Protein chains: 2
Amino acid sequence: MKYSVVIVEDHILLSQALAGLVNGFSKFKILYLCKNGRELLTRLKDPKNIPDVVLMDINMPIMNGIETTIALKEEYPEVNVLALSVEEDEKTILKMLRAGAKGYLLKDTEKSILENALVEVQETGFYHTKDVTNLLLGSLNPKKENKVLLKEREMEFIKHACTEKTYKEIASDMCLSPKTIEGYRDSIFEKLHLKNRTGLVIYAIKNKIFIP
Amino acid sequence: MKYSVVIVEDHILLSQALAGLVNGFSKFKILYLCKNGRELLTRLKDPKNIPDVVLMDINMPIMNGIETTIALKEEYPEVNVLALSVEEDEKTILKMLRAGAKGYLLKDTEKSILENALVEVQETGFYHTKDVTNLLLGSLNPKKENKVLLKEREMEFIKHACTEKTYKEIASDMCLSPKTIEGYRDSIFEKLHLKNRTGLVIYAIKNKIFIP
DNA sequence: TATCAAAGGGGTGTTTGCCCCTTTTTATTA
DNA sequence: TAATAAAAAGGGGCAAACACCCCTTTGATA
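Nothing here was measured: the structure is a model prediction, and the numbers come from that model. (Residues numbered from 1 in each chain as written. Chains lettered and ligands numbered in written order. Predicted model: local features only at pLDDT ≥ 70, side-chain atom pairs only at ≥ 80, totals over all residues. Heavy atoms only, no water.)

Caption draft 1: Spatial organisation of the overall build of chain A. Scanning chain A from terminus to terminus reveals ten helices and six strands. With respect to the principal axes defined by its C-alpha atoms, chain A has extents near 65 × 35 × 30 Å. Evaluated residue by residue, chain A yields a buried proportion of 49% over its 212 residues. Within chain A, residue pairs in contact and separated by at least 24 positions form 61% of the contacts whose partners lie at least 6 positions apart. Averaged over its 31 positive side-chain charges, chain A has a centre that lies 3 Å from the centre of its 30 negative ones. (Helix = DSSP H or I, 4+ residues; strand = E, 2+ residues; numbered from the N terminus. Buried < 20%, exposed > 50% of the residue type's maximum accessible area, 1.4 Å probe, protein only. Contact = heavy atoms within 4.5 Å. Lys, Arg positive; Asp, Glu negative; His and termini not counted. Charge placed at Lys NZ, Arg CZ, Asp CG, Glu CD.)

Caption draft 2: Broad picture of the interface of chain B and chain A. Listed by partner, the interface residues are 33 residues for chain B and 33 residues for chain A. The junction of chain B with chain A conceals about 2800 Å² of combined surface from both sides, 66% of it contributed by carbon and sulfur atoms. By the criterion of area lost to chain A, the three top residues of chain B are Leu13, Glu164 and Thr198 of chain B, representing 26% of everything that side buries. Between chain B and chain A we count zero salt bridges in total. (Buried area = accessible area lost by both parts, 1.4 Å probe. Salt bridge = Lys/Arg side-chain N within 4 Å of Asp/Glu carboxyl O.)

Caption draft 3: Highlighting the protein's contact with DNA strand D. What surrounds DNA strand D is a group of 17 residues, the closest being Lys151, Thr180 and Tyr184 of chain A together with Tyr167 and Arg197 of chain B. Take the atoms of DNA strand D that sit within 4 Å of the protein: sugar and phosphate atoms are 67% of them. In the environment of DNA strand D, a base nitrogen lies 3.2 Å from a nitrogen or oxygen atom belonging to the side chain of Glu182 of chain B. Between DNA strand D and Arg185 of chain B, the relevant distance is 3.3 Å, taken from a base nitrogen to a side-chain nitrogen or oxygen of the residue. (Near = heavy atom within 4 Å. Polar contact = N/O pair within 3.5 Å; in protein donor to acceptor, adjacent residues only side chain to side chain.)

Caption draft 4: Fine view of the relation of the copies chain B and chain A. Superposing chain B onto chain A requires a rotation of 179 degrees together with a translation of 0.4 Å along the rotation axis, leaving an RMSD of 2.8 Å. Put plainly, the chains are arranged around a two-fold axis. Considering only C-alpha atoms, the part of chain B nearest the rotation axis is Ala17 of chain B, at 2.0 Å. Here 100% of the interface residues in chain B have copies in chain A that are interface residues too; the copies meet face to matching face. (Least-squares fit on C-alpha atoms with pLDDT ≥ 70 in both.)

Caption draft 5: Structural context of the sheet that holds strand E1 (residues 3-8) of chain A. Residues and elements named next belong to chain A. Pairing is parallel across the open sheet formed by six strands, whose spatial order is E2-E1-E3-E4-E5-E6. Two strands in the sheet have a free side with no partner beyond their single neighbour: strand E2 (28-34) and strand E6 (127-128). When strand E5 (residues 103-106) meets E6, the two strands line up parallel, connected through two bridges. Its bridge partner lying in E6, Tyr104 is registered against His128. Sheet contacts for helix H4 (residues 90-99): strand E3 (53-57), strand E4 (80-85), E5 and E6; angle to E5, the most-contacted strand, approximately 145 degrees. (Pairing = 2+ DSSP bridges. Axes fitted to C-alpha atoms, helices over the stretch in contact; angles between N-to-C directions.)

Caption draft 6: Just the protein's contact with DNA strand C, in detail. DNA strand C sits among 17 residues. The nearest are Tyr167 and Arg197 of chain A together with Lys151, Thr180 and Tyr184 of chain B. Here the atoms of DNA strand C within 4 Å of the protein split so that 65% fall in sugar or phosphate, with bases taking the remainder. Here a base nitrogen of DNA strand C sits 3.0 Å away from a polar atom, N or O, in the side chain of Glu182 of chain A. The separation between a phosphate oxygen of DNA strand C and a polar side-chain atom of Thr180 of chain B is 2.5 Å. Residue contributions to the surface near DNA strand C peak at five residues, all from helix H9 (residues 178-192) of chain A. Classifying every residue of the surface near DNA strand C by side-chain character gives four nonpolar, four polar and nine charged. (Nonpolar A, V, L, I, M, F, W, Y, C, P; charged D, E, K, R; others polar.)

Caption draft 7: Representation of unusual backbone geometry in the model. A positive phi angle, near 65 degrees, is found at Ile62 of chain A, a position not held by glycine. The phi torsion at His193 of chain B lies on the positive side, around 55 degrees, for a residue other than glycine. A residue is classified by how much of its surface remains accessible, and His193 of chain B, at 68% relative accessible area, is exposed.

Caption draft 8: Inspection of the domain arrangement of chain A at higher detail. Structurally, chain A comprises domain 1 (3-140) and domain 2 (152-206). Relative to domain 2 of chain A, the C-alpha centre of domain 1 of chain A lies at a distance of 37 Å. (Domains from an automatic or database assignment.)

Okay, structure coming up:
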């Protein structure tokens with residue numbers, strides 16, 4: 001009996017092509033394909049649709065891989081998730097692993113490595129490349145707290161600050177007094193060592209708080 | 001006799017998966033795979049390695065799809081290029097088509113469409129989805145000149161404006177009077193319909209004048 | 001020599017950045 | 001449970017920076 005695999009990936013061509021590869025592996029067969037996380041969660045409601053492994057892309061519209069993995073683990077903790085992404089961003093990888101992924105694979109790998117990863121995840125419970133292992137080790141002794149210091153409300157303000165609005169307009173949009181907004185700004189400037197709004201905009205874009 | 005196909009794509013997994021798909025098509029077979037444009041150009045030096053069609057990714061390290069297509073068409077104009085990308089950016093698509101690509105396919109398509117596109121490109125010489133056709137039509141009667149209006153000195157100023165420097169500091173860096181800098185700013189604001197420096201920074205980043 | 005663009009300037013009102021300080025809300029813990 | 005932090009929210013005032021007028025000088029060039 002082969003292990004069943006579901007692929008969650010928004011690029012249909014890649015999804016179908018991967019399906020071809022997986023069906024060629026001796027121990028695995030594709031159950032079905034999904035275009036995003038929501039579609040997966042919907043289909044899982046039918047017990048016949050619960051696979052052994054989910055091959056999960058991270059960047060997806062509608063519902064991304066991290067949210068989907070969290071929701072999936074909540075309901076079906078026995079399903080193994082293998083993350084698949086071009087994203088090498090440290091924070092993203094850690095988020096995905098914390099969400100419950102059992103392995104993390106870059107799209108830039110050999111098909112034999114994919115097969116090996118699937119086998120490992122299914123039979124030993126995890127698979128990680130040297131890169132990801134090193135990353136994990138590095139994150140154990142972290143460089144103090146480096147960014148948890150931004151609060152939810154401040155993040156929201158930053159997004160507004162990345163527009164042509166004045167602080168007065170931002171205040172009105174956020175239903176706060178202009179003085180409160182100035183308070184947000186001042187405390188952010190201090191925490192991030194910024195001198196002015198231009199610096200804040202650049203910071204926000206660099207750190208993907210605001211995407212132009 | 002099947003038509004030969006070469007895939008140029010930096011993500012090896014996708015490359016191999018696509019190869020599987022293409023080898024499943026009745027009229028096509030994979031000749032070999034390349035990880036980037038330079039690799040393709042090197043291999044083409046052997047006449048045995050000249051394929052009928054190249055399936056070309058656009059975003060690649062080392063040598064991207066556009067440069068590669070231009071170089072390829074220079075030496076081997078009879079090879080058909082089918083572009084393959086997630087990029088829906090108008091300018092990129094047009095550049096690729098001007099470089100000589102015979103078709104443009106989004107990664108977000110069905111495998112049957114890939115097969116159809118390959119057939120069309122090989123047998124009729126071109127393949128375009130409705131989206132790309134509309135884009136082409138739109139670019140025929142262009143909206144006047146839309147961006148040549150920025151002068152060299154203004155571009156330089158914009159880069160400085162994307163920092164925490166004040167206008168006074170920018171003036172001193174560019175060896176100009178602060179009033180001249182303000183003049184640059186005012187004329188740019190007017191030409192680009194911007195309201196303040198924040199808007200300018202966002203514009204500069206969107207248009208790759210400044211890369212954060 | 002007329003023209004046009006680049007460079008520079010004066011004046012003014014608004015926005016921003018940065019001090020200080022008070023009130024309200026939300027946790028924490030003695 | 002009351003006492004006490006400690007946040008979040010709001011405020012006054014001020015100087016610097018920014019945005020927006022309208023105007024002059026300079027220099028190339030047609």
